[in-house]
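# Coordinate analysis (summary)
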Amino acid sequence: MSNKKGHLHPLTLLTERIVDTFTQLGFNIAEGPELEQEKYNFDDLNLPPNHPARDMQDTFWIKGIPHTVLRTHTSPVQIRAMLEGKPPYRVITIGRAYRNEAVDATHEAQFYQFEGLVIDKNITLAHLKWTLETFFASLLGGEVKVRFRPSFFSFVEPGVEVDIECFQCDGGGCALCKSTGWIEVMGAGIVHPHVLRAGGLDPTEYQGFAFGLGMERVAMPMFKIPDIRHFYSGDLRFIDQF
Amino acid sequence: MLISRNVLKGIFKDELPSTDKIAEGLTMHAFEVEGIERVGSDEVLDVDVLPNRAHDCLSHLGVAGEISRIFDIEQTKTFQLLDTAEQARDTIKIDIENKLADRFIVAVIEGLDKQESPQWLKEALVSFGERSISPIVDAMNYIMFLTGQPLHAYDLDKLEEYEGERRFTVREAREGETFTSLEEEVVECEGGELVIAGAKSILGLAGIKGGISTAVDGQTRRIALEAATFSPVRVRKTAQSTKIKTNASKRFENGISPELAALGIAEAVQLLEDIFSNAHVTALRDEYPHKPTFPQITLSATLPGDLLGVDIPKATVQGILEKMGCNVTENASTFTVTPPFERLDLSIPEDLVEEIGRLYGYEHITPAPLPDHTRDTDTATLKTELVLKRFLASNGFSEIITRAFRNEGDIEVANPLANQEPFLRTELTQSMLDILETNIRNAELIGKEALRTFEVGTVFPKEGEKKSLVLGYAIAKGAKKKMGEDAFKEEAERLLSEALHIDEDAVRNARVGSTTRESSVVLEFDFTQLLSVAETLPVFESSPREPFSTFSNFSSFPFVLRDIAVWTPEGTSPEDVELTIKESAGDLLQRIRLFDRFEKTCEDGSKRISYAFRLVFQSFERTLSDEEVNMYMKAIESALTQTEGFEIR
């Protein structure tokens, strides 16, 4: 008689879909701590001290524990994965990260990230394109075109911004894609040789790609959620809709 | 970086493509253009220059270079290596302490009579988002936005002379020294700030801002023009500690080539000579202790194809590198490449591969399937977590995710935001109790009599971070069936035992908290421990997932509850009654819930069924009044009464 059905959080629904797709593509899941060493969060990812890009990270430092931060991205897990195992690597990681940013409708101080890493003998941007097209097709249904634009992240070179064809207007132009027909979804690129070395690999032997996206950023247009603060409100009027 | 089409036109020989086309080309091959604005007669592109290209592209010359390469059009003005021609060098003394600057050029320019900034210059500054101040200052600003080299002009007659020399010392400030900026802001030095000092006092914060004592004004007839290259780290630290950030400091912080200073001085002198008919250089000194070595990069001819996954002909690769201004020597299987001086970002072969890839065009990459790969066994707990969550949801539990910060705990953040709790949580129980309390008020709106919730999240006790699991239960006020703490424990632990294939004792041992607050119960478990005692964990299975639902906004206005019960003839389904109610209730009926049903046999042997419904009314625009809701109820009652065999109780 009463409504017995429980509901999963949209971020979990998205996580299920990601884990399902990538498990079928042969990926393992990597994990790492949220309280992270400065070295794994910055230095090993090619962000040395005093670098302006490091400032921009708006990091939460921990009182009384030196060289420790709340991780600002899930990328340190890639370093750990490389150090803990032997190549080739094919891993994804989904977890929480923290930025010291003012909270508003599109920014939270804590958020979820999804990252992928593939390292082998001959992995290229062409493999990245295929992997992402396959992923977005499984997420959104049907064929989804992906395009790369030049960008910069310290841990990849070449670095790209990845756009997908707008799923609301199929590329015709609408408010979601600001009439461009494309939505920016993630950053990606070929793993920087410094990062490979920090992970104990020889860049002349191994190469590969990495990508990362903010889960809320993708969940918001997909589930049509207008304000990021809903995710952490604990309000069943929100959660029980999914 | 705001880029003016009018200024670009002066840098190119031939007609430029339309601004829209330029924007598209830049976005796909160099930097995202975030918008185009009409400013007077000009069109201005808002170019998001990537952080690693601040060395050369926070300038029109830099962005023009990209446009030139993308559209294959010739520039009349480019970055060039220039030599300075020193003159009367003994009238200027330059000291650079501790390698705080790589280069320091001073040019003395005289004959600057009273003038107005030319109209084109004023308009260009407006396009850059700046405003015209005075012709000398305008010229300095313009050259910075044109070349990327910040410049500073000192009124020569206000500069202290010492034994026939003007002195410039690049050094650290001493504690207690003071300095008054052009904007009349007084800076009291802590010691260590990067400054330029004259014979007696501080003339300016190096690379950031000049001082009022030597400021250029309407009376200035002679200037000392400075073009220098300051230590990026020291400029950044000084800007941070004095809290003064400028267009100049931004460029120095990211690092620029010392070769750019010569270009900046040359362009500035040219511009001043254009504006002031009598302007001429009377002295120039170039302190350039160490010319940088220009790195050579050995690029394997196969590397671009190897990383990009697309074959690019060797000749195309060489062509792209040469168009960038690189010096390229072809060898048997490699290229020896010397990048142009302004490209401080190019140091390893992969940097060159990126240049080749983006200028050739990433659209040329065709997707290639990943090779076959056998997955290792998973040691991660995420899949188990997902299986557990699904299981809990199918047993009536809804998932909560909460923020990690609290007002107390073991681990504290050193730099919390204002108004933010500084500690990391050590448990999930307190927040779940609060959540149940707020949600139970909306129970009817949600359509549940009892709420069941759960959360899996990281907690940070001093022993080390771990995952915690909480399950919560709350019952609405006035609900008949209430579950006590023990009964809920039994339900929860039975479910966890079933989900994770571990016996209930082990589940109980992993329970770290059991709390009751009014009519809410919250149980907390050490999730890490639960997973470690399971012998075989449940397997995550791939399954066709349902299409995602989308979010509909909910109202923040209060809702109104009404109950209605009706006798119906035997065989009537509750859905039939619901349908009648929904059709007559109007748009503001948000939820209808059957809460009671019983059968009765009448005197004449016929059977009747009574159904009782809880109705929830709510508006998106206003608080509903009793009178209004009464109206809706009357409409419902009327519709029910008119149905054959129905009788309202």
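Parameters and conventions
Residues numbered from 1 in each chain as written. Chains lettered and ligands numbered in written order. Predicted model: local features only at pLDDT ≥ 70, side-chain atom pairs only at ≥ 80, totals over all residues. Heavy atoms only, no water. Helix = DSSP H or I, 4+ residues; strand = E, 2+ residues; numbered from the N terminus. Rg over C-alpha atoms; globule rule 2.2 N^0.38 Å. Buried < 20%, exposed > 50% of the residue type's maximum accessible area, 1.4 Å probe, protein only. Contact = heavy atoms within 4.5 Å. Areas by Shrake-Rupley, 256 points an atom, 1.4 Å probe, with all protein chains shown as cover. Lys, Arg positive; Asp, Glu negative; His and termini not counted. Charge placed at Lys NZ, Arg CZ, Asp CG, Glu CD. Disulfide = S-S within 2.5 Å. Axes fitted to C-alpha atoms, helices over the stretch in contact; angles between N-to-C directions. Parallel < 35°, antiparallel > 145°, perpendicular 65-115°, else oblique. Nonpolar A, V, L, I, M, F, W, Y, C, P; charged D, E, K, R; others polar. Pairing = 2+ DSSP bridges.

### Here we look at the overall build of chain B
A tally of regular secondary structure across chain B gives 20 helices and 29 strands. At 38 Å, chain B has a C-alpha radius of gyration far larger than the 26 Å of a compact globule built from 649 residues. Taken over the C-alpha atoms alone, chain B extends approximately 125 × 65 × 55 Å along its principal axes. Of all 649 residues assigned to chain B, the portion counted as buried reaches 53%. Of the contacts formed within chain B by residues at least 6 apart in sequence, a portion of 70% connects residues at least 24 apart. Accessible surface for chain B amounts to roughly 29,700 Å². Of this, 45% is attributable to carbon and sulfur atoms. Between the mean site of the 72 positive side-chain charges and the mean site of the 112 negative ones, chain B shows a separation of 3 Å.

### Let's talk about the overall build of chain A
The number of helices and strands found in chain A is eight helices and ten strands. Taking 18 Å as the expected radius of gyration for a compact globule of 242 residues, we find that chain A reaches 18 Å, a close match to that expectation. In terms of overall dimensions, chain A has a C-alpha envelope of 60 × 45 × 35 Å along the principal axes. The proportion of buried residues among the 242 residues of chain A is 65%. In chain A, the proportion of contacts linking residues at least 24 apart, taken out of those at least 6 apart, comes to 66%. Here chain A displays about 8,300 Å² of accessible surface, and carbon together with sulfur accounts for 51% of that area. Counting 23 positive and 30 negative side-chain charges, chain A places the centres of these two groups 2 Å from one another.

### Things to note about the state of the cysteines
Taken as a whole and assessed by the stated rule, the structure comprises zero disulfides over all chains. The thiol sulfur of A:C177 is not disulfide-bonded, and the nearest other cysteine sulfur, from A:C169, lies at 3.7 Å.

### Remarks on the packing of helix 2 (residues 19-29) of chain B against helix 4 (residues 60-71) of chain B
Residue and element names in this part refer to chain B. Orientation of helix 2 relative to helix 4, taken along the N-to-C sense of each, is 90 degrees, at an axis distance of 10 Å. Classified by the angle their axes make, helix 2 and helix 4 are roughly perpendicular. Counted together, K21, I22, G25, L26 and H29 of helix 2 and V63, E66, I67, I70 and F71 of helix 4 form the full contact between these two elements. Residues that form the contact of helix 2 with helix 4 fall into these classes: six nonpolar, two polar and two charged.

### A few points about the side chain of A:T59
Mapping A:T59 onto the fold places it in the loop between helix 3 (52-55) and strand 3 (60-61). Non-local contacts of A:T59, meaning those with residues more than four positions away in its chain, are made with A:F42, A:R54, A:V69, A:T72, A:N100 and B:N415.

### As for the pairing of strand 5 (residues 89-98) of chain A
All names here are of chain A. With ten of ten residues buried, strand 5 is to be regarded as a mostly interior element. The pairing of strand 1 (residues 28-29) with strand 5 spans two bridges and is parallel. Note that in strand 5 the partner of N28 across the bridge is V91. Relative to strand 6 (residues 110-120), strand 5 runs antiparallel, the two sharing ten bridges. Of the residues in strand 6, the one forming a bridge with G95 is Q113.

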